[in-house]
There are 4 protein chains.
Amino acid sequence: MNAKIRGVVPPVVTPLLPSGELDVESYERHLNRMIDAGVDGLFVLGSSSEVVFLTDERRRQVLEVAARVIDGRVPLLAGVIDTQTERVIDHIRVAEEIGADAVVATAPFYAIAGMAEVERHFRLLHEATDLPIFAYDIPVCVHVKLPTPMLLQLGKEGVIAGVKDSSGDDVSFRYLAMGNKAMGSPMSILTGHEVVVDGAYMAGADGSVPGLGNVDPAGYVRQWKAYEAGDWETVRVEQDRLAELMRIAMVSKGVVGYGSGVGSFKTALWLLGVFETNQMTPPVLPLEGENVEAIREVLIHTGLLDN
Amino acid sequence: MNAKIRGVVPPVVTPLLPSGELDVESYERHLNRMIDAGVDGLFVLGSSSEVVFLTDERRRQVLEVAARVIDGRVPLLAGVIDTQTERVIDHIRVAEEIGADAVVATAPFYAIAGMAEVERHFRLLHEATDLPIFAYDIPVCVHVKLPTPMLLQLGKEGVIAGVKDSSGDDVSFRYLAMGNKAMGSPMSILTGHEVVVDGAYMAGADGSVPGLGNVDPAGYVRQWKAYEAGDWETVRVEQDRLAELMRIAMVSKGVVGYGSGVGSFKTALWLLGVFETNQMTPPVLPLEGENVEAIREVLIHTGLLDN
Amino acid sequence: MNAKIRGVVPPVVTPLLPSGELDVESYERHLNRMIDAGVDGLFVLGSSSEVVFLTDERRRQVLEVAARVIDGRVPLLAGVIDTQTERVIDHIRVAEEIGADAVVATAPFYAIAGMAEVERHFRLLHEATDLPIFAYDIPVCVHVKLPTPMLLQLGKEGVIAGVKDSSGDDVSFRYLAMGNKAMGSPMSILTGHEVVVDGAYMAGADGSVPGLGNVDPAGYVRQWKAYEAGDWETVRVEQDRLAELMRIAMVSKGVVGYGSGVGSFKTALWLLGVFETNQMTPPVLPLEGENVEAIREVLIHTGLLDN
Amino acid sequence: MNAKIRGVVPPVVTPLLPSGELDVESYERHLNRMIDAGVDGLFVLGSSSEVVFLTDERRRQVLEVAARVIDGRVPLLAGVIDTQTERVIDHIRVAEEIGADAVVATAPFYAIAGMAEVERHFRLLHEATDLPIFAYDIPVCVHVKLPTPMLLQLGKEGVIAGVKDSSGDDVSFRYLAMGNKAMGSPMSILTGHEVVVDGAYMAGADGSVPGLGNVDPAGYVRQWKAYEAGDWETVRVEQDRLAELMRIAMVSKGVVGYGSGVGSFKTALWLLGVFETNQMTPPVLPLEGENVEAIREVLIHTGLLDN
């Protein structure tokens, strides 16, 4: 992977069997469906994959199967998310072994240190591998926001190859994109803010990493191509439609957090016939009953499912 | 004011004399400069005006002078920001007396009640006046986020005429704009998120209320006209330039909060010859020394000031 | 008031008529009941009084009636809570005029500045008055925590005469009490943390400002006297009983925030025959129905009301 | 371990060699020093041990060495802290194998689910083991607060054997202790709030888990014995001294978070001759230079180190 990563790179949701094992067959179907839809890369073991909720053996398996199925058709970005530098480096070793094209790492989490330590973390990761590293900015999970000046400095020095921004802070995102451009665009700046990807493209994003892209990869691909063609009206209209679809993550009652977020993606994929179940990792239960019906309604309403 | 408010509506910064009195002459110059630049309305006594940091007499004076100077050339929106319903209604009485075209109210603040009480607050305001009411969503100041379903319901019933969204939550903003459109656009949805107004226009905003519009009203007007003309490339390029200009609010050292935010707007207006001083309300001191020079640099760099 | 304020100083809740007017008769009864119970001072226009939710005229009236009724029997501390320095000074003028023994001021609120400005705020207040000033540390309302080193410095210089700590941060409180003691105890350090006053006494508090002291002043007075006598077992047992009583603020359903907090104090005082109603300031409604019954249960259970 | 855990149970800090390996010799010295001081139990692999910053192999080793050294002299509580139920159960298996007397588990972390899922998590842990389970309430790390009613219900049913409360919420702690007592004290309620342990004892705590107990176990043991004897004055005076000692965690400059917290404990133990180094896990660097000297000053000032 010498070229910069651009375009639509969904963070792949992980299908599980009722036993909790990886559902390999569904996983193949899911990966192929996204590649067929024209995605520009796949981010395996991101937050939406329940990465930190899988055992280390399961994490390895998810990556191995993905590498085998993807087979070089699109770049494979591997999440190496863990609490601490050495633990992350252990995951990087697995990613190297399996042949990932890049790795994606967050700041350390659980107890919080300072920004000097976060910067040192990324520098230690870079010293430990030749793989391109994406800094994954996800304060909702790790409870620190990666500061724009730090990211720009790390990008300038080649410590990081890009940023996956799931901060929800569109102002910072713009300054990051502007700063990157001002120094010749060494980094790939990707937004994870799936409901306002159009705004991120306005700000100069190099692409998107939309969790909802698991459900409707074709929609995000159409939006990206319109952006590349300068057709902003299509970018915008497609975004409105995707925002309607994103309501699947909001219609569940009595469930909060990623159980209704990732849970709704799994449920939609199950309803679409891509997954065999909508099984989650314990202690989260799969959505059921009226919540499933509410998601079905959204899929019908937005044209993904026939009535 | 029967027509819906659309376009650029800067929240007017208040010039003060070293004595702390309103600098009437500068204020006239400032208001006229924005009207001459083509703004579509003026929001007096918004957060950027230091509204809650002025005595009630000063608040009245600021509104009176504004009404006299504006003289119907553009709609005058009057902030009626206060901690509690009856106190807000007292401010509404003043706004009515002075002839404001609309009032802008936040949720109550200081001690927090629940959302039922916030909704009741807006309903009581509506019962108390015939003026159109804008709900001002500014959680960073009042520490509650106005929920989108509540705003849509109040808009549907005609309790509020619009929303001034300073929440920084672009996802909620999109759902607000989409929901408003879906019910026939009864409300005027304005964004205060001055660095990413282009994204808000993509989302279907009816206009913007940019604090930075005090400094460069012409830039936001050009952006709005481009949006109206469907010229997205200009919308985007103008936004990038305005984001560069917004660095005036970030370059000060040793000062945090609105002292460097509103303080930078005042300092820029002083450097541009619009204001006589960059005086703030106590306990905040005006920016000085290197901070002023840093702001001057940004103004020169972005073409607002000659070298 | 030359002596340091020590002991139990309830923050007085304000009885209102259904019309929203001050219920003067209930107020007299309420003030006298607390003085008769042996309280060491009364803090009028604190947060529990709904101070910032009253009009300025009502605030003055509340203070005037309190001064008349108290008539020097115990020190009168007057809240001068407002968003900004000059506005606070206006309230100080009223407190001076009415003859308060001390004033109690928070940091500025709504938009946040930095700590240098907060410190300057207290210094400007001190320059403006000869009355002793208590710094009111209430981050839940003003969204800044007053730093212990700053409070100690202001106390050392005589800028503030004491601290009313409603921060809920017992670690900071201990360091504040220890620091004050280490420099000869120039300040009066009072806790507002009504459920764990015993812990604050362990930490060296000079007294307490318990909202719940409106309902059961005698309990807090007994606890204080036990503390003065070194009878820690009584301090602790009394606290457990008061914590049970504090459940009045937790039993309401469907109401959150100060509507169930201050609202429960008013409801208890109404049930106890001290207040005529449990009227709140708009937009908050008085508690009713099952919520009133649940409060009655707690009062009966803790022996304040007969079955 | 049939008896309820009561008394002082320090969360053991982990000594590391400059290579990052466990410093077994220092660890033995450290464990023995605490047992000799009279502690009532040892909590190995708590947050202060850098548990989630160690590889799984290192975690196992830390537990094995601890079990060997402790050798049944006091109860061994093993932290089984991880992001998700199955991962926690894997750690429980290791704790069972090594012979821990109880395990201590937090809520899941990284992405947040709802409270129903947190409760289910603890129930699944209980189904998976016969070991007593302590719920570890540490919102600063896992970003959820365990609700008091849930903890009481789980304790009533025997799902959890106790709570290690590091929430810093002394009001909740009191209601937890009161609720536990009201149902016959099935649980052991321990506070981790090391600066205000006296307040927790007033509230009815069964003991403490003070990180600072690594540095001065004898002090916390004296305080506990005084509490057991009803000698509240000693409880209080000892706490003041320990609060002075806790300043080691506050005197470092240029370092924030656990680098200055846990880092100061390691540095103090190094200065006291218990540890060979003050090595931390990457990316955190050990304290050095003036920060070490500042910690030495506090140790001298509080009598732990000779001048």
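Just above, that's the structure.
As the structure is a prediction and not an experimental result, all values here were calculated from the model. (Residues numbered from 1 in each chain as written. Chains lettered and ligands numbered in written order. Predicted model: local features only at pLDDT ≥ 70, side-chain atom pairs only at ≥ 80, totals over all residues. Heavy atoms only, no water.)

## Overview of the overall build of chain A
Here's step 1: A count of helices and strands for chain A gives 12 helices and eight strands.
Here's step 2: For a compact globule of 307 residues, the expected C-alpha radius of gyration is about 19 Å, and chain A comes in at 18 Å, within 12% of that figure.
Here's step 3: In chain A, of all internal contacts separated by at least 6 residues, the share reaching a separation of at least 24 is 71%.
Here's step 4: Accessible surface for chain A amounts to roughly 10,200 Å². Of this, 50% is attributable to carbon and sulfur atoms.
Here's step 5: For chain A, the separation between the mean place of its 26 positive charges and that of its 42 negative charges on side chains is 3 Å. (Helix = DSSP H or I, 4+ residues; strand = E, 2+ residues; numbered from the N terminus. Rg over C-alpha atoms; globule rule 2.2 N^0.38 Å. Contact = heavy atoms within 4.5 Å. Areas by Shrake-Rupley, 256 points an atom, 1.4 Å probe, with all protein chains shown as cover. Lys, Arg positive; Asp, Glu negative; His and termini not counted. Charge placed at Lys NZ, Arg CZ, Asp CG, Glu CD.)

## Description of the environment of alanine 102 of chain B
Here's step 1: Along the chain, alanine 102 of chain B turns up in strand E4 (residues 102-105).
Here's step 2: Expressed as a C-alpha distance, the spacing of alanine 102 of chain B and isoleucine 133 of chain B, which sit 31 residues apart in the sequence, is 5.9 Å.

## As for the pairing of strand E6 (residues 162-165) of chain B
Residue and element names in this part refer to chain B.
Here's step 1: Residues of E6 alternate between two faces, with Gly162 and Lys164 on one and Val163 and Asp165 on the opposite face, all of them buried.
Here's step 2: Pairing analysis gives four bridges linking strand E5 (residues 133-137) to E6, with the strands arranged parallel. Counted as the bridge partner of tyrosine 136 is lysine 164 from E6. (Buried < 20%, exposed > 50% of the residue type's maximum accessible area, 1.4 Å probe, protein only. Pairing = 2+ DSSP bridges.)

## As for the relation of the copies chain D and chain C
Here's step 1: Overlaying chain D on chain C yields an RMSD of 0.0 Å, the required transformation being a rotation through 180° with an accompanying axial translation of 0.0 Å. Here the transformation between the copies is reduced to the relation of a two-fold axis. The C-alpha atom lying nearest the rotation axis in chain D is that of glycine 199 of chain D; the distance is 1.9 Å.
Here's step 2: A share of 100% of the interface residues of chain D reappears at the interface of chain C, consistent with the copies meeting face to face through the same patch. (Least-squares fit on C-alpha atoms with pLDDT ≥ 70 in both.)

## Observations regarding the packing of aromatic side chains
Here's step 1: Counted according to the given criterion, the structure contains 30 aromatic pairs over all chains.
Here's step 2: Taken together, a centroid distance of 5.4 Å and an interplanar angle of 50° make the contact between tyrosine 227 of chain C and tryptophan 232 of chain C tilted. Each member of the pair, tyrosine 227 of chain C together with tryptophan 232 of chain C, is buried.
Here's step 3: Here the aromatic rings of phenylalanine 53 of chain D and tyrosine 258 of chain D are separated by 4.9 Å at their centres, their planes lie at 20°, and the arrangement is stacked. In this pair, phenylalanine 53 of chain D is assigned in the loop between strand E2 (42-44) and helix H2 (56-70) and tyrosine 258 of chain D in helix H11 (residues 258-271), connecting sequence segments 205 residues apart.
Here's step 4: Its relative accessible area of 3% is what places phenylalanine 53 of chain D among the buried residues.
Here's step 5: Taken together, the aromatic side chains of Phe109 and Tyr110 of chain A together with Phe109 and Tyr110 of chain D make up a single cluster linked through ring pairs. (Phe/Tyr/Trp six-rings, centres within 6.5 Å; stacked < 30°, edge-to-face > 60°.)

## Considerations on unusual backbone geometry
Residue and element names in this part refer to chain A.
Here's step 1: Looking along the chain, the bond that leaves proline 282 and enters proline 283 is cis, with omega of 10°.
Here's step 2: Looking at the element boundaries, proline 283 is found in the loop between helix H11 (258-271) and helix H12 (290-301).
Here's step 3: If you check the backbone angles, leucine 45 has positive phi at about 70° while not being a glycine.
Here's step 4: Following the sequence through the fold, leucine 45 ends up in the loop between strand E2 (42-44) and helix H2 (56-70).

## A closer look at the interface of chain A and chain D
Here's step 1: Opposite the 40 residues of chain A that make contact, chain D presents 40 residues.
Here's step 2: Approximately 3,400 Å² of surface area, both sides summed, lies buried where chain A meets chain D, with 62% of it carried by carbon and sulfur atoms.
Here's step 3: Looking at the side of chain A facing chain D, the largest losses of area belong to Arg87, Tyr110 and Pro283 of chain A, adding up to 25% of the total buried there.
Here's step 4: Linking chain A with chain D are two salt bridges.
Here's step 5: Listed by contribution, the elements that provide at least two residues to the side of chain A that touches chain D are helix H3 (85-98), helix H4 (115-128) and helix H5 (139-142) of chain A.
Here's step 6: Taken together, the residues of the side of chain A that touches chain D sort by class into 23 nonpolar, 11 polar and six charged. (Buried area = accessible area lost by both parts, 1.4 Å probe. Salt bridge = Lys/Arg side-chain N within 4 Å of Asp/Glu carboxyl O. Nonpolar A, V, L, I, M, F, W, Y, C, P; charged D, E, K, R; others polar.)

## Observations concerning the interface of chain D and chain C
Here's step 1: Contacts between the two partners involve 25 residues from chain D, matched on the other side by 25 residues from chain C.
Here's step 2: Regarding the contact of chain D and chain C, the summed buried area is about 2,300 Å², with carbon and sulfur atoms giving 56% of it.
Here's step 3: Contact with chain C buries surface across chain D, with Arg174, Tyr175 and Met202 of chain D losing the most and accounting together for 29% of the total.
Here's step 4: Linking chain D with chain C are four salt bridges, by the criterion used here.
Here's step 5: In this structure, aspartate 240 of chain D and arginine 174 of chain C form a salt bridge, with 3.0 Å as the shortest nitrogen-oxygen distance.
Here's step 6: If you list the elements that add at least two residues to the side of chain D that touches chain C, you get helix H7 (170-182), helix H8 (197-202) and helix H10 (232-245) of chain D.
Here's step 7: By residue number, the principal contributor to the side of chain D that touches chain C is H10 of chain D, which donates eight residues.
Here's step 8: Counted by class, the side of chain D that touches chain C contains 13 nonpolar, four polar and eight charged residues.

## Regarding the nonpolar core
Here's step 1: The biggest cluster of nonpolar side chains holds 466 residues, and the ones touching the most others in it are Tyr110 and Phe122 of chain A, Phe122 of chain B, Phe122 of chain C together with Phe122 of chain D.
Here's step 2: Discounting chain neighbours no more than four positions away, the residues touching tyrosine 110 of chain A are Ser47, Val52, Phe53, Ile81, Thr106, Phe109, Tyr136, Ile138, Val140, Cys141 and Val142 of chain D. (Core = buried A, V, L, I, M, F, W, Y, C linked by side-chain atoms within 4.5 Å.)

## Quick notes on the pairing of strand E7 (residues 188-191) of chain C
All names here are of chain C.
Here's step 1: The alternating pattern of E7 places Ser188 and Leu190 on one face and Ile189 and Thr191 on the opposite face, and all of these are buried.
Here's step 2: Direction of pairing for strand E6 (residues 162-165) relative to E7: parallel, over a ladder of four bridges. From the neighbouring strand, aspartate 165 faces E7, where its bridge partner is threonine 191.
Here's step 3: Taking the sense of rotation as the criterion, the β-α-β connection linking E6, helix H7 (residues 170-182) and E7 turns out right-handed.
Here's step 4: After leaving E7, the chain enters helix H8 (residues 197-202) and then returns to the sheet as strand E8 (residues 207-208), a path that is right-handed. (Right-handed = clockwise from strand over helix to strand, strands pointing away.)

## A look at the relation of the copies chain A and chain D
Here's step 1: When chain A is fitted to chain D, the residual RMSD is 0.0 Å, and the transformation amounts to a turn of 180° plus an axial shift of 0.0 Å.
Here's step 2: Comparing interface residues between copies, 100% of those in chain A also lie at the interface in chain D; the contact surface is shared.

## Notes on the sheet that holds strand E1 (residues 7-8) of chain A
Residue and element names in this part refer to chain A.
Here's step 1: An order of E1-E8-E7-E6-E5-E4-E3-E2 is seen for the eight strands of this open sheet, with the pairing classed as parallel. Strand pairing shows two members of the sheet lacking a second neighbour, E1 and E2, which therefore form its edges.
Here's step 2: Two strands pair when backbone bridges link them, and strand E7 (residues 188-191) and strand E8 (residues 207-208) are joined in this way by two bridges, in the parallel orientation. Looking at the pairing, leucine 190 lines up with glycine 207 of E8.

## So, the arrangement of the chains
Here's step 1: Separating chain A from chain C is a minimum C-alpha gap of 17 Å, and the two share no contact.
Here's step 2: In this view chain B stays clear of chain D, with the nearest C-alpha atoms of the two still 17 Å from each other.

## Notes on the pattern of salt bridges
Here's step 1: As enumerated under the stated definition, the model contains 88 salt bridges over all chains in all.
Here's step 2: Across the salt bridge formed by aspartate 137 of chain B and lysine 145 of chain B, the nearest N and O atoms sit 2.5 Å from each other.
Here's step 3: Connected through salt bridges with shared partners, the residues Asp216, Arg222, Glu238 and Arg241 of chain A form a single ionic network.

## A closer look at the packing of helix H10 (residues 232-245) of chain C against H10 of chain D
Here's step 1: At a minimum axis distance of 9 Å, the contact between H10 of chain C and H10 of chain D shows a crossing angle of 80°. Looking at the two axes, H10 of chain C sits roughly perpendicular to H10 of chain D. Every residue of H10 of chain D that contacts H10 of chain C at Trp232, Glu233 and Arg236 of chain C is listed here: Trp232, Glu233 and Arg236 of chain D.
Here's step 2: Here the residues of the contact of H10 of chain C with H10 of chain D are counted per class, giving two nonpolar, no polar and four charged. (Axes fitted to C-alpha atoms, helices over the stretch in contact; angles between N-to-C directions. Parallel < 35°, antiparallel > 145°, perpendicular 65-115°, else oblique.)

## Some points on the sheet that holds strand E6 (residues 162-165) of chain D
Residue and element names in this part refer to chain D.
Here's step 1: If you walk across this open sheet you meet the eight strands as E1-E8-E7-E6-E5-E4-E3-E2, and the pairing is parallel. At either end of the open sheet lies a strand with only one pairing partner, and these are strand E1 (7-8) and E2.
Here's step 2: As judged from the three bridges shared by strand E4 (residues 102-105) and strand E5 (residues 133-137), these two strands associate in the parallel manner. Along E5, the bridge assignment pairs alanine 105 with alanine 135.

## A few points about the side chain of serine 264 of chain B
Here's step 1: Mapped onto the secondary structure, serine 264 of chain B falls in helix H11 (residues 258-271).
Here's step 2: Here serine 264 of chain B is in contact with Ile248, Ala249, Gly259, Leu287 and Ile295 of chain B, once residues within four sequence places are set aside.

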